[in-house]
Amino acid sequence: MIFHQGFLFDKMDEIKAELKKSNSIVITTHKSPDGDAIGSSLALYHFLKKEGKDVTVVVPDAFPDFLNWMDGCDKIVYYDTQTKLANEIIGKSEVIFSLDYNSLTRISDLRNPIEKSNATKIVIDHHQDPKDFANHYFVDTNSCSTCQLIYEFIEKLEGLDKIDKAIGECIYCGIMTDTGSFRYPSTTSKTHQIIAHLIDLGVENSKIHQAVYDNSSEHRLRLLGYALTKKMVVLSEHKAAYISLSEEELKRFSFKIGDVEGLVNYALSINGIKFAALIIEKEDMISLSLRSKGDFYVNKIANNHFNGGGHIYAAGGMLETSLEEAIIRLETVMKTNI
Ligand code: 5GP
Ligand code: MN
């Protein structure tokens, strides 16, 4: 597909007709799901349930505890631990939604049943350069979040009156987390209008903020302190900074999924730094989170050097090397690209 940036609101009438005639619907999202992934999936889940559909959310793997307050999260099926059940549900589905991802490489082994399925596939997403794996695309690469697109998708289906507090909380959460609490450049007046509508529906903004951001374990805070004092390397002359954490270090601080969420932003917040990275040693690979600001874009860096991709200011990737080798590669990229 030759499409990089902008809107791609494909054949809304066909999507409407498809949804009208279908009953079994599966909603999927990317691996290591974040607030936007879980928020958009559960918002669409509740909306389609209200439309009388048989809906299941299937995710590749677990999400952080700070998202487990969202209504419906206990009904989510995990592909890594509930593979048989998920395969059965996907096998019977008539429509499969792909939310917050632009390529099947983003969903690990969940790609197998999706590739096999003859269901109608609909992508709702805000990442650049969507790959050609679906029948319909509701994509806006300028949108701050997939949750904003879910609101606009429901609007196009003339279903805004079906948005209630539970759906609103899910949408609010994804917009809040993907905009860095409404501060990134992707936050527009439309974003604030949507948020205003959600608050009018009873969504308690400060309650959601607290549930997501004021919910750390003591271990998480100690890890943050350790990472910032002992593990952050600042390459001032290259306007770059990074933090690396080994598996052993993570274990030492009783690491749980979500504990390093937001850590890379501290490195980016240093005065004069344009490019920041977090390198984490996982069981079977090295994962990288990349962030930037101003005129420096990390999506290309992720794509060219770290087998990944993402947005211009927030991207990620992975390497199948030792942590030491990954650090050397990252430093080389930081020293030669800025
Ligand atoms: P994070 O650093 O929060 O894990 O990811 C930031 C963004 O980078 C995500 O929203 C996603 O768009 C992108 N991203 C992260 N990891 C990968 C990856 O392995 N491949 C691709 N294509 N994008 C990634
Ligand atoms: Mn997103």
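Our structure's up above, just so we're on the same page.
Reading the values: the criteria
Residues numbered from 1 in each chain as written. Chains lettered and ligands numbered in written order. Predicted model: local features only at pLDDT ≥ 70, side-chain atom pairs only at ≥ 80, totals over all residues. Heavy atoms only, no water. Helix = DSSP H or I, 4+ residues; strand = E, 2+ residues; numbered from the N terminus. Buried < 20%, exposed > 50% of the residue type's maximum accessible area, 1.4 Å probe, protein only. Contact = heavy atoms within 4.5 Å. Areas by Shrake-Rupley, 256 points an atom, 1.4 Å probe, with all protein chains shown as cover. Lys, Arg positive; Asp, Glu negative; His and termini not counted. Charge placed at Lys NZ, Arg CZ, Asp CG, Glu CD. Salt bridge = Lys/Arg side-chain N within 4 Å of Asp/Glu carboxyl O. Donors = N, O, S within 2.8 Å, 3.2 Å for Na, K, Ca; no water. Phe/Tyr/Trp six-rings, centres within 6.5 Å; stacked < 30°, edge-to-face > 60°. Near = heavy atom within 4 Å. Polar contact = N/O pair within 3.5 Å; in protein donor to acceptor, adjacent residues only side chain to side chain. Nonpolar A, V, L, I, M, F, W, Y, C, P; charged D, E, K, R; others polar. Pairing = 2+ DSSP bridges.

### Focus: the overall build of the protein
Inference 1: Tallying secondary structure elements over the protein gives 13 helices and 13 strands in all.
Inference 2: By its C-alpha atoms, the protein is 60 × 45 × 40 Å across when sized along the principal axes.
Inference 3: Out of the 338 residues in the protein, the part that is buried amounts to 52%.
Inference 4: A sequence separation of at least 24 residues applies to 65% of the contacts in the protein between residues at least 6 apart.
Inference 5: Carbon and sulfur atoms make up 48% of the accessible area of the protein, which totals about 15400 Å².
Inference 6: Looking at the protein, you have 37 positive and 47 negative side-chain charges, and the mean spots of the two groups are 1 Å apart.

### With respect to the side chain of Lys121
Inference 1: The topology assignment puts Lys121 in strand S6 (residues 120–125).
Inference 2: No salt bridge is formed by the buried Lys121, whose closest oppositely charged neighbour, Glu115, lies at an N-O distance of 8.3 Å.

### Details of the coordination of the manganese ion (ligand 2)
Inference 1: Bound to the manganese ion (ligand 2) are the protein donor atoms Asp36 (OD), Asp100 (OD), His126 (NE2) and Asp178 (OD), situated 2.2 to 2.4 Å from the metal.
Inference 2: Mapped onto the sequence, the donors of the manganese ion (ligand 2) take the spacing D-x63-D-x25-H-x51-D. Placement of Asp36 in helix H2 (residues 35–50) and of Asp178 in helix H6 (residues 165–178) is noted, with a sequence separation of 142 residues between them.
Inference 3: What makes Asp36 buried here is its relative accessible area of 0%.
Inference 4: You can call Asp178 buried: its relative accessible area is 17%.

### Thoughts on the packing of aromatic side chains
Inference 1: A full pass over the atoms with the stated rule returns 9 aromatic pairs.
Inference 2: Seen from their ring centres, Phe97 and Phe153 are 5.9 Å apart, and the 85 degrees between their planes marks the pair as edge-to-face. Placement of Phe97 in strand S5 (residues 95–99) and of Phe153 in helix H5 (residues 146–156) is noted, with a sequence separation of 56 residues between them.
Inference 3: Phe97 gets classed as buried once you look at its relative accessible area, which sits at 0%.
Inference 4: Arranged with centres 5.8 Å apart and planes meeting at 70 degrees, the rings of Tyr297 and Tyr313 form a pair that is edge-to-face. Of this pair, Tyr297 sits in the loop between strand S11 (286–292) and helix H12 (298–305) while Tyr313 sits in the loop between strand S12 (309–310) and strand S13 (314–319), and the two are 16 residues apart along the sequence.
Inference 5: Aromatic rings pair up to connect Phe97, Phe138 and Phe153 into one cluster.

### Topic: the site of ligand 1
Inference 1: Around ligand 1, the neighbouring residues are Arg106, His127, Ser289, Arg291, Gly308, Gly309, Gly310, His311, Ala314, Ala315, Gly316 and Gly317.
Inference 2: One of the side-chain nitrogen or oxygen atoms of His127 is found 2.6 Å away from an oxygen atom of ligand 1.
Inference 3: Between ligand 1 and Ser289, the relevant distance is 2.5 Å, taken from an oxygen atom to a side-chain nitrogen or oxygen of the residue.
Inference 4: With the chains in place, 75% of the 500 Å² that ligand 1 exposes on its own is no longer accessible.
Inference 5: Mapped by element, the contributors of at least two residues to the shell around ligand 1 are S11, S12 and S13.
Inference 6: A class-by-class count of the residues in the shell around ligand 1 yields 2 nonpolar, 8 polar and 2 charged.

### What about unusual backbone geometry?
Inference 1: Positive phi is not limited to glycine here, since Asp100 has a value of about 65 degrees.
Inference 2: With respect to the helices and strands, the residue Asp100 is situated in the loop between S5 and helix H4 (111–116).
Inference 3: Phi angles above zero are rare outside glycine, and Asp129 is one such case at about 60 degrees.
Inference 4: Considering the arrangement of structural elements, one finds Asp129 in the loop between S6 and strand S7 (136–140).
Inference 5: On the basis of relative accessibility, which here comes to 26%, the residue Asp129 falls in the partly exposed class.

### Description of the pattern of salt bridges
Inference 1: Under the definition given, this model contains 20 salt bridges.
Inference 2: Within this structure, Lys165, Glu169, Glu204 and Lys207 form a network of salt bridges that share partners.

### Notes on the pairing of strand S10 (residues 275–281)
Inference 1: Of all 7 residues in S10, 6 are buried; the element is thus mostly enclosed.
Inference 2: Note: S10 against S11, 7 bridges, orientation antiparallel. Residue pairing in the sheet places Ile279 in a bridge with Leu288 of S11.
Inference 3: Counting the residues between successive antiparallel strands, the hairpin from S10 to S11 contains 4 residues.

These figures come from the coordinates and say nothing about function on their own.
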